[in-house]
Amino acid sequence: MSETAPANAEQAEQWNGPGARSWIQAQTLLDQTFLNFEKMLVEAVKAAGASKVLDIGCGTGATTRAIARQLGPEGRALGLDISAPMITRAIELAKAEGSTAQFTAGDAQTQAFEPGSFDMITSRFGVMFFSGPVAAFSNLRGALKPEGQLAMVSWRSAA
């Protein structure tokens, strides 16, 4: 997997600056607030029988770590987020927990994925930030196995 320039420069600027600082500061509260959505996504992974899961817009990694717990040591849970500071925090939290979850900073719209490398893609409020949703979902589709599934929770855009 290799990273190219973010297609979503405005979001990259926000989530690598003030957005990241605010989220990290409130991370415990936000993770608790969104816990039911996390549980829904973990249940979707379980129901699908997935073993290789890509979590888009993973932030500080709570959902990715929960998915990793569900998958066990044989599975793979990879969290991707455009925010390098939040990915750094996600790695710290995973290490402290002893989690097998992996994390990488990148833009889901342009990230180069190995074709067919995941059997499920999840997102807890991450996909609504794409500046080019068609291009982003096309890119993500390429990362899925042919029978792969998408499970996401998303609000509409702020507009």
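Summarised in this report is the structure supplied together with it. Given the structure is predicted, the values throughout are model-derived calculations rather than measurements. (Residues numbered from 1 in each chain as written. Predicted model: local features only at pLDDT ≥ 70, side-chain atom pairs only at ≥ 80, totals over all residues. Heavy atoms only, no water.)

## Considerations on the pairing of strand 5 (residues 144-153)
Heads up, the condition is: Following DSSP output, two strands are said to pair if at least two bridges run between them. Here a strand is any run of E in DSSP of at least two residues, a helix any run of H or I of at least four, and the numbering for each starts at the N terminus. Handedness rule for crossovers: strands pointing away from the viewer, path from the first strand over the helix to the second running clockwise, crossover right-handed.
Note: strand 4 (residues 118-124) against strand 5, six bridges, orientation parallel. Each residue of the ladder has a partner; that of phenylalanine 118, found in strand 5, is leucine 144. In this region the chain leaves strand 4, passes through helix 7 (residues 133-143) and returns to the parallel neighbour strand 5; the handedness of that crossover is right-handed.

## What about the pattern of salt bridges?
Formally: A side-chain nitrogen of Lys or Arg and a carboxyl oxygen of Asp or Glu constitute a salt bridge if their distance falls within 4 Å. Exposure is judged per residue with a 1.4 Å probe applied to protein chains only, and the accessible area is read against the type maximum: over 50% gives exposed, under 20% gives buried, and values in between give partly exposed.
For the structure on display, the rule yields four salt bridges. Put simply, glutamate 92 and arginine 89 hold a salt bridge, and the shortest N to O gap is 3.2 Å. Of this pair, glutamate 92 and arginine 89 both sit in helix 6 (residues 84-97), three residues apart, which is roughly one turn of the helix. Taking relative accessible area as the criterion, arginine 89 reaches 27% and is therefore assigned partly exposed. Linked by salt bridges that have partners in common, Arg65, Arg69 and Glu97 make up one network.

## Here's the deal with helix 4 (residues 35-48)
How we decide: By this rule, a helix spans an expected 1.5 Å times one less than how many residues it contains. Our arc is simply the arc of the directions from the helix axis toward the C-beta atoms.
An ideal rise of 1.5 Å per residue puts 20 Å on 14 residues; helix 4 measures up with 20 Å between its terminal C-alpha atoms. Of the positions making up helix 4, those classed as buried are Glu38, Leu41, Val42 and Val45. Down the axis of helix 4, the sector holding all buried residues measures 100°, keeping them to one side. Opposite its buried face, helix 4 presents the exposed residues Asn36 and Ala47, each directed more than 90 degrees away. Once helix 4 ends, the next one or two residues include glycine 49, with phi positive near 70°.

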